[in-house]
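Now for the letters of each chain:
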Amino acid sequence: MENLSVYHGPIGKKEGERRLALDGRDGCFLVRNSDSVPDVYCLCVLCNGIVFTYRLQQHDGGSWAADTIPGVPKRHFRKIKNLIAAFQQPGQGIAIPLLYPVTVSIQALLFNHFQSKCTQLMLFNAA
């Protein structure tokens, strides 16, 4: 999981929502650790200002599956990257296709940009 560019680790629900809101585009997504269930991950995607969260689980045989809306058959994938690629297509049982990966490196750049802007604003107000 650590080799996945959209994996943000154990950042928690609120931080995941904040990172997606910072991007702001419908279809932006990331993967994080579940807050409530050990060894389970969450696929989080932004749609119309709401973050939808789907549990990702690795089964005993090593395959990956995501919990989707009722009535959509569960699909199993050998690799998490294959699951993400499949969910980039419409009609997969999630709110919106995965369109814009929110990577850890993008988050670092956005954080540094906003931190710089805040510093500039504080310096301007102090002058």
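The protein chain goes by SH2 domain-containing protein 1A-like in an unreviewed UniProt entry, where it is assigned to Hippocampus comes.

A short note on the overall build of the protein chain
Secondary structure assignment for the protein chain yields three helices and five strands. Counted from the first residue to the last, the protein chain has its helices and strands arranged as α-β-β-β-β-α-β-α. Within the span of the protein chain, comprising 127 residues, buried residues form 37% of the whole. Summarising the internal contacts of the protein chain: among those between residues at least 6 apart in sequence, 39% fall at separations of at least 24.

Observations concerning the sheet that holds strand 4 (residues 64–66)
Across the sheet, which stays open at both edges, the five strands sit in the order 4-3-2-1-5 with mixed pairing between neighbours. Each of the sheet's edge strands pairs with one partner strand only, and the pair in question is strand 4 and strand 5 (100–101). Across seven bridges, the pairing between strand 2 (residues 41–47) and strand 3 (residues 50–58) is antiparallel. Across the sheet, the residue bridging to Cys47 is Ile50, located in strand 3.

Each value, and the rule that gives it
Residues numbered from 1 in each chain as written. Predicted model: local features only at pLDDT ≥ 70, side-chain atom pairs only at ≥ 80, totals over all residues. Heavy atoms only, no water. Helix = DSSP H or I, 4+ residues; strand = E, 2+ residues; numbered from the N terminus. Buried < 20%, exposed > 50% of the residue type's maximum accessible area, 1.4 Å probe, protein only. Contact = heavy atoms within 4.5 Å. Pairing = 2+ DSSP bridges.

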